[in-house]
Amino acid sequence: MMKLKMNTFHKYFFTACCMLLVACSKNGPMSLFKKLSPHDAYAQRLKDAGLDRTAMGIGWLQKGGSSVTNALTITIPYKESGYFAADKIQATALRFSAQRGQKLHIALSRKPQFNYSIYIDLLQQTDTNEQKLVASADTAGLGLQYEVKETGKYVLRLQPELLRGGEYTLNITAGPSLSFPVSSTGKPNIGSFWGDGRDNGGRKHEGVDIFATKHTPAIAATDGIVTNVTENKLGGLVVFVHPNDADYTLYYAHLDQQLVRSGQAVRIGDTIGLVGNTGNARTTPSHLHFGIYTNGGAIDPFPFVNREIKVPKQINASLQLLNATARTTSRSKFYIEPSERATAIETLPISTAVNIEAATDSWYKAILPDGTQGYISSRDVAMASSNIRTLTIKQQQPLWDAPDSTNAARKAVLPVGAQVNIKGSFRSYYLITDDKDNTGWIDSGK
């Protein structure tokens, strides 16, 4: 009877979710005041339909927030494949560092492609550890791009709609937000970087030096307006370009010739001038000094023009364990990041049960039975399908839905003499199945 009621509830809830997507206003009342992200618009539709007062609706809203708070740390580039189960309330969040001037490329593919939406939100972690939404999308667009405005920590959250599930593959890479400012015909290479010493340590280099054959075109790195064409002692022949819709100015120095005028509009790839060695570069090989200036002064231009886009490692861990309960095959470390150089959260004994949420490189992103998230080497786990051993119940005891008799719910009572199969363990509990296909946890000391 309990199973029948639960199935009926799920059917009602699924019907209500479908109705809210069709019948409710697109963004709800809040859209009168501001444009909502796809994630927030869906949350608003849940509230408009009254589903925020149901257990599943409350759970979905809470999971969106808690996933960000408990985000795991990664390093980009990064790739993972995971699985969101339709019968679970799930979300995942990843925290990483990004530099001003980088453009983040976030791509998300999913199976099935239809009737399975995942909301993508990029949040910036502020100095007060609050999270500010800076970009968002849903999987109709298959991802998003974002030019990083401030160096710091960012959190990417993925959350599917209720009662929708399937596979997904996430790719995060970082590239330059500007085109390279020297034509490839001159075989350019960056030979001096931001912060390098100048004048016997008297000052620091406020840009990058891009060495190239003399008279190689120095080109517009973006669309913009030429704001000044002049000459100075250090830079020689210089040109300033203000990009459209930007809060900084590009500085081209040591030019042999200036081929634009003040007030001229330029497009990406237009020739600004010719690379030379004017100013204080008269005794050095021809190069372009490229700088970026804001109201606060010079900033490092390298992330804006770094042409090296690193590709994430391919996934070598088996995808057969996704959304499955596995167990450790040896004493295994559980890490805060997918790296053996990272801090270990704890060392797990052999046969510890873990649920596999995603795979990246040769690692699994996993969750322990107490809710702790982390990474474990794919070499150290296997499917918990076979029995470790069979146990005869010596005294009547409850079967819990979690390894925590204080807070867990009782699923059944196992009678004396019952035969159970041990599949894994956690702390002082065994994960077992019985002859009635019940799965749960029992106290290993009883």
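Summarised in this report is the structure supplied together with it. (Residues numbered from 1 in each chain as written. Predicted model: local features only at pLDDT ≥ 70, side-chain atom pairs only at ≥ 80, totals over all residues. Heavy atoms only, no water.)

A few words now on helix H3 (residues 55–69). Here H3 spans 21 Å end to end across 15 residues, near enough to the 21 Å set by a 1.5 Å rise per residue. At Lys63, H3 shows its maximal kink, close to 25°. Within the span of H3, buried status applies to Met56, Gly57, Gly59, Trp60, Gly64, Ser67 and Val68. (Helix = DSSP H or I, 4+ residues; strand = E, 2+ residues; numbered from the N terminus. Expected span 1.5 Å × (residues − 1). Bend = angle between axes of the 7 residues up to and from the residue. Buried < 20%, exposed > 50% of the residue type's maximum accessible area, 1.4 Å probe, protein only.)

This paragraph deals with the pattern of salt bridges. Scanning all chains against the criterion turns up ten salt bridges. The shortest N-O distance in the salt bridge between Lys365 and Glu80 comes to 3.0 Å. Of this pair, Lys365 sits in strand S26 (residues 363–367) while Glu80 sits in strand S2 (residues 78–84), placing them 285 residues apart in sequence. Across the pair, exposure class does not vary: Lys365 and Glu80 are buried alike. In this structure, the salt-bridge partner of Arg427 is Asp370, at a minimum N-O distance of 3.7 Å. (Salt bridge = Lys/Arg side-chain N within 4 Å of Asp/Glu carboxyl O.)

Moving on to the layout of surface pockets. What the largest pocket holds in volume is close to 1000 Å³. Looking at the largest pocket, it is lined by 27 residues, and the ones nearest its centre are Lys88, Asn355, Pro369, Asp401 and Trp441. Going through the elements one at a time, strand S25 (353–360), strand S31 (410–414), strand S33 (429–434) and strand S34 (439–443) are the ones with two or more residues in the lining of the largest pocket. In terms of residue count, the dominant contributor to the lining of the largest pocket is S25 (four residues). Looking at the lining of the largest pocket, its residues break down into twelve nonpolar, seven polar and eight charged. If you add up the space inside the second largest pocket, you get close to 870 Å³. Contributing to the lining of the second largest pocket are 33 residues, with Thr75, Ile76, Pro77, Tyr78 and Lys310 lying nearest its centre. Of all elements in the fold, only S2, strand S3 (92–98), strand S9 (166–176) and helix H4 (302–305) reach the threshold of two or more residues within the lining of the second largest pocket. Class assignment for the residues of the lining of the second largest pocket results in 15 nonpolar, ten polar and eight charged. (1 Å grid on protein atoms, 1.4 Å probe; cavity = no way out; pocket = protein on both sides within 12 Å on 5 of 7 lines; lining within 4 Å. Points joined across faces, edges and corners; volume = space filled by probe spheres on them. Nonpolar A, V, L, I, M, F, W, Y, C, P; charged D, E, K, R; others polar.)

Summed over all chains, the structure comprises ten aromatic pairs. With a centroid separation of 5.4 Å and 35° between ring planes, the pair formed by Tyr42 and Tyr119 is classed as tilted. Of this pair, Tyr42 sits in helix H2 (residues 38–48) while Tyr119 sits in strand S5 (residues 118–125), placing them 77 residues apart in sequence. Since its relative accessible area comes to 2%, Tyr42 is described here as buried. Between Phe240 and Tyr251 the ring centres are 4.9 Å apart and the planes differ by 35°, which places this aromatic pair in the tilted class. Within this pair, whereas Phe240 is found in strand S16 (residues 236–243), its partner Tyr251 is found in strand S17 (residues 249–258), the two being separated by eleven residues in sequence. (Phe/Tyr/Trp six-rings, centres within 6.5 Å; stacked < 30°, edge-to-face > 60°.)

Our focus in this paragraph is the environment of Ile190. Within the secondary structure layout, Ile190 lies in strand S10 (residues 189–192). Each C-alpha atom, one on Ile190 and one on Tyr78, is 26 Å from the other, the two residues being 112 residues apart in sequence. Other than its neighbours up to four places away in sequence, Ile190 contacts Phe180, Val208, Asp209, Ile210 and Phe302. (Contact = heavy atoms within 4.5 Å.)

This paragraph deals with the sheet that holds strand S6 (residues 131–138). Pairing is mixed across the open sheet formed by five strands, whose spatial order is S1-S3-S8-S5-S6. Edge positions in the sheet fall to strand S1 (72–73) and S6, since each has one partner strand and no second. Sheet topology places S5 next to S6; seven bridges connect them, and they run antiparallel. In the strand pairing of S6, Ile120 is matched with Ala137. (Pairing = 2+ DSSP bridges.)

This next bit is on the nonpolar core. Judged by nonpolar contacts, the single largest core of 32 residues is most densely connected at Phe96, Leu104, Leu122, Tyr168, Leu170 and Ile172. Residue assignment for this core shows that the elements contributing at least two residues are S2, S3, strand S4 (102–111), S5, S6, strand S7 (143–147), strand S8 (152–160) and S9. If sequence neighbours within four positions are ignored, Leu170 has contacts with Tyr78, Lys79, Glu80, Leu94, Ile106, Ala107, Leu108, Leu156 and Leu158. Formed by 28 residues, the second largest nonpolar core is a distinct cluster that contains Val208, Ala221, Val226 and Val241. (Core = buried A, V, L, I, M, F, W, Y, C linked by side-chain atoms within 4.5 Å.)

Here we take up empty space enclosed by the protein. Applying the stated criterion across every chain yields a total of three cavities of 30 Å³ or more. Space inside the largest cavity adds up to approximately 60 Å³. Tyr83, Phe84, Gln90, Ala91, Thr92, Tyr168, Glu357 and Lys365 together form the lining of the largest cavity. Of the residues in the lining of the largest cavity, the class split is four nonpolar, two polar and two charged.

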